[in-house]
Amino acid sequence: MVKVVKSTSDLIQERAQETKTIGFVPTMGNLHAGHISLLERALDENEVVYFSIFVNPKQFGPNEDFNKYPRTLEQDIKQIEEIARKYPQKSVMIYAPTDTSEVFPPGYNQTISTTGLSTVLEGAIRPGHFDGVATVVFRLFELVKPQNAYFGLKDYQQYMVICQMVQDLILPIKIVGMPIIRETSGLALSSRNQYLSAEQKEEALILSKTMKKIGALINGKKANLNFAQAEIKNALTDSRWNYLELRDSQTLSMNLGQSSKVTLLGVIQLGSTRLLDNLQMEIQ
Ligand code: AMP
């Protein structure tokens, strides 16, 4: 069963009556197979899934794509209904606030101010972005009060910032990180892929191809990191990269001396579209 609530007062009312285990999937909508993988995992592991669809203005910078971000609610609801049919014993509550003021009422004055992990990579390029993400996720956590919440590792730094917030604020929520879903070409699915022309979509493959190449070069061996760093330097001569960096998977530090897990994180910019990807590796 799928139910849609569009106001926060209705959400609060529904939540107050809930006695079952809740899994939560926060999204900005325009659903693709990446979002659906989160929904399915949440349905596998919980009796009820709360699924939010909200384009959060607080995580967009002044010159970013908040206004043109694709909003496809009717289509999204249909996709969720189709998946929910496969889980007749479970229910899905879609929270799709019609207006920003449903989530952040006029006069709302709180911000989650993140530090550390949120200041590098995406955080360095998009000041305030992770505060915007943490603020909305905290707000949604307070409204939904889930036991489990599902995030894609596609946005690895975001996932880490959320894990840190849950730890620091002692929120009783288990965060589940889900693998990146890709097109057969290797391109990671993203709502922003639709901004790309056919030509740019082809160009976008340098992201996953470079990741794969560097991953193969490292091949699980710490001793190969030097070769990888040389290859990264070489790749970065292409100005389409915003960054391409190897970081410790836990701390996001560039110092990999003690690391057993490393993540290669990269962003390319094609026109005004920025595309993220990453590769997780264990090394010894
Ligand atoms: P968004 O709607 O882009 O804010 O994404 C909502 C959630 O879906 C986030 O936790 C994302 O990391 C996750 N997600 C987005 N794209 C993918 C993907 N290709 N594979 C797995 N998860 C994804």
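Remember, it's a predicted structure, so these values are computed and weren't measured experimentally.

A. Quick look at the overall build of the protein. Of regular secondary structure, the protein possesses 10 helices and nine strands. Computed over its C-alpha atoms, the radius of gyration of the protein comes to 19 Å, within 12% of the 19 Å expected for a compact globule of 284 residues. Along the first, second and third principal axes, the C-alpha atoms of the protein reach 55 × 40 × 40 Å. The proportion of buried residues among the 284 residues of the protein is 52%. Within the protein, contacts between residues separated by at least 24 positions form 71% of all contacts whose residues are at least 6 apart in sequence. For the protein, the separation between the mean place of its 30 positive charges and that of its 30 negative charges on side chains is 3 Å.

B. Representation of the sheet that holds strand 2 (residues 22–27) within the structure. If you walk across this open sheet you meet the six strands as 1-4-3-2-5-6, and the pairing is parallel. Every interior strand has two partners, whereas the edge strands, strand 1 (2–5) and strand 6 (174–178), have only one. This sheet shows a mean twist of 25° between the axes of neighbouring strands, independent of strand direction. By the bridge criterion, five bridges tie strand 5 (residues 148–152) to strand 6 in an arrangement that is parallel. Within strand 6, the position partnered with Asn148 by the bridge is Lys174. Taken strand by strand, helix 1 (residues 8–16) contacts strand 1, strand 2, strand 3 (48–53) and strand 4 (91–95), and its axis lies near 135° from that of strand 1. Packed on one face of the sheet, helix 6 (residues 129–144) meets strand 2, strand 3, strand 4, strand 5 and strand 6 and runs near 150° to strand 2.

C. Examining the site of the ligand more closely. Lining the immediate environment of the ligand, one finds 17 residues, of which Met28, His35, Gly152, Asp155 and Ile181 sit closest. Interatomic distance of 2.9 Å between a side-chain N/O atom of His35 and an oxygen atom of the ligand. In the environment of the ligand, an oxygen atom lies 2.8 Å from a nitrogen or oxygen atom belonging to the backbone of Gly152. Its free accessible area being 490 Å², the ligand has 93% of it covered by the protein chains. Placement of the ligand is best described as lying within the largest cavity. For the shell around the ligand, the secondary structure elements donating two or more residues are strand 2, helix 2 (33–45) and strand 5. If you tally residues by element for the shell around the ligand, the top one is helix 2, at three residues.

D. Main features of the pairing of strand 5. Most of strand 5 sits inside the fold, with five of its five residues counted as buried. What you see with strand 5 is no split at all: Asn148, Tyr150 and Gly152 on one side and Ala149 and Phe151 on the other are buried throughout. Pairing of strand 2 with strand 5 involves two bridges; the strand directions are parallel. The residue bridging Phe24 from the neighbouring strand is Ala149, located in strand 5.

E. The arrangement of the pattern of salt bridges in detail. By the definition in use, this model includes 13 salt bridges. Across the pair Glu231 and Lys213 runs a salt bridge whose closest N-O atoms are separated by 3.2 Å. Taken together, the residues span a long stretch of sequence, with Glu231 in helix 10 (residues 225–235) and Lys213 in helix 9 (residues 205–218) at a distance of 18 residues. Overlapping salt bridges bring together Glu64, Glu122, Arg126 and Arg274 as one network.

F. Highlighting empty space enclosed by the protein. Scanning all chains against the criterion turns up two cavities of 30 Å³ or more. As for the largest cavity, its lining consists of 46 residues, of which Met28, His35, Tyr69, Asp155 and Gln158 are closest to the centre. At the level of elements, strand 2, helix 2, helix 6, strand 5, helix 7 (156–168) and strand 9 (273–282) are the ones that each hand at least two residues to the lining of the largest cavity. No other element matches the six residues that helix 6 contributes to the lining of the largest cavity. Of the residues that constitute the lining of the largest cavity, the class distribution is 24 nonpolar, 16 polar and six charged. Taken as a whole, the second largest cavity encloses approximately 70 Å³ of empty space. Residue lining of the second largest cavity: Glu122, Lys154, Asp155, Tyr156, Gln157, Tyr243, Leu265, Gly266, Val267, Leu276, Asp277 and Asn278, and that is the complete set. Counting only elements with at least two residues in the lining of the second largest cavity, the list comes to helix 7, strand 8 (261–270) and strand 9. Tallied by class, the residues present in the lining of the second largest cavity amount to five nonpolar, three polar and four charged.

G. Representation of helix 9 in the model. Counted at 1.5 Å a residue, the expected span for helix 9 with its 14 residues is 20 Å, and the 20 Å between its end C-alpha atoms agrees. Of all the positions in helix 9, only Leu205, Leu207, Ser208, Thr210, Met211, Ile214, Gly215 and Ile218 are classed as buried. Once helix 9 ends, the next one or two residues include Asn219, with phi positive near 50°.

Rules and cut-offs
- Residues numbered from 1 in each chain as written.
- Predicted model: local features only at pLDDT ≥ 70, side-chain atom pairs only at ≥ 80, totals over all residues.
- Heavy atoms only, no water.
- Helix = DSSP H or I, 4+ residues; strand = E, 2+ residues; numbered from the N terminus.
- Rg over C-alpha atoms; globule rule 2.2 N^0.38 Å.
- Buried < 20%, exposed > 50% of the residue type's maximum accessible area, 1.4 Å probe, protein only.
- Contact = heavy atoms within 4.5 Å.
- Lys, Arg positive; Asp, Glu negative; His and termini not counted.
- Charge placed at Lys NZ, Arg CZ, Asp CG, Glu CD.
- Pairing = 2+ DSSP bridges.
- Axes fitted to C-alpha atoms, helices over the stretch in contact; angles between N-to-C directions.
- Near = heavy atom within 4 Å.
- Polar contact = N/O pair within 3.5 Å; in protein donor to acceptor, adjacent residues only side chain to side chain.
- Areas by Shrake-Rupley, 256 points an atom, 1.4 Å probe, with all protein chains shown as cover.
- 1 Å grid on protein atoms, 1.4 Å probe; cavity = no way out; pocket = protein on both sides within 12 Å on 5 of 7 lines; lining within 4 Å.
- Sits in = over half its atoms within 2 Å of the grid points.
- Salt bridge = Lys/Arg side-chain N within 4 Å of Asp/Glu carboxyl O.
- Points joined across faces, edges and corners; volume = space filled by probe spheres on them.
- Nonpolar A, V, L, I, M, F, W, Y, C, P; charged D, E, K, R; others polar.
- Expected span 1.5 Å × (residues − 1).

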